[in-house]
Amino acid sequence: LAIAPAAFCWFAATSAVLASGATAAKEEEDDMPVAIYHGGAGGAGGQQCFAGDYPPKVEDLLAKVSHDIAKEVLDRAVNALRDEGVIQTRQMLELHPVDFDAVQLPLLLKSRLRRIRERGGKIPEDMLGHGNLHLSEEPALEGSIDEPAPGDVGEEGLDDDNIL
């Protein structure tokens, strides 16, 4: 019978500690701001936001960093990684460095992917191209990308601060 009072004391003390923690959590919850969504039904299924494809595909990553590379070379790289079972960027990041080096990829894209792997999947700013032909829906213009099209203003039309 001496055990019963000790167990009761333990139960009472534990209940008091848990109750005080629940009260503190309730007070903290009341202080937190609440986001209220006012708007239409949103995306498919009535969701309020859309996260897109995750994890991103290697094909999409390569398209972002291959603004100056021919489509055929890009396709070779995508197919080489796909042949090795690498479809998502997180799978590419999981590859052991020796295994990554063993994949037969076009050298320029392999070097770019190596830099991305070193940064944990983040694309360095100097790799992001402007007006990427692989990401746009419009067909590529004839001629070289570096040459201005007929009628374009050349460098002589620029001010000192490179603004037209």
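Our subject is the structure listed above.
What you are looking at is a predicted structure, and each value in this text was computed from that prediction instead of being measured. (Residues numbered from 1 in each chain as written. Predicted model: local features only at pLDDT ≥ 70, side-chain atom pairs only at ≥ 80, totals over all residues. Heavy atoms only, no water.)

A. Just the side chain of Ser 66, in detail. Along the chain, Ser 66 turns up in the loop between α2 (58-65) and α3 (71-83). A polar contact is formed between the side chain of Ser 66 and the backbone oxygen of Leu 62, at a distance of 2.8 Å. (Helix = DSSP H or I, 4+ residues; strand = E, 2+ residues; numbered from the N terminus. Polar contact = N/O pair within 3.5 Å; in protein donor to acceptor, adjacent residues only side chain to side chain.)

B. Local environment of the packing of α2 against helix α6 (residues 107-118). In contact at an axis separation of 11 Å, α2 and α6 are set at 110 degrees when each is read in the N-to-C sense. Taken as axis vectors, α2 and α6 run roughly perpendicular relative to one another. Touching Leu 61, Leu 62 and Val 65 of α2 are Leu 109, Arg 112, Leu 113 and Ile 116, all from α6. A breakdown of the residues in the contact of α2 with α6 according to their chemical character gives six nonpolar, no polar and one charged. (Axes fitted to C-alpha atoms, helices over the stretch in contact; angles between N-to-C directions. Parallel < 35°, antiparallel > 145°, perpendicular 65-115°, else oblique. Contact = heavy atoms within 4.5 Å. Nonpolar A, V, L, I, M, F, W, Y, C, P; charged D, E, K, R; others polar.)

C. Quick peek at the pattern of salt bridges. With the rule as written, the count across this model stands at seven salt bridges. Between Asp 68 and Arg 112 there is a salt bridge; the shortest N-O distance is 3.0 Å. Here the residue Asp 68 occupies a position in the loop between α2 and α3, and Arg 112 occupies one in helix α6, the gap between them amounting to 44 residues. Across the pair Arg 115 and Asp 126 runs a salt bridge, and its minimum N-O distance is 3.0 Å. Taken together, the residues span a long stretch of sequence, with Arg 115 in helix α6 and Asp 126 in the segment after α6 at a distance of 11 residues. Using a relative accessible area of 56% as the deciding quantity, one classes Asp 126 as exposed. (Salt bridge = Lys/Arg side-chain N within 4 Å of Asp/Glu carboxyl O. Buried < 20%, exposed > 50% of the residue type's maximum accessible area, 1.4 Å probe, protein only.)

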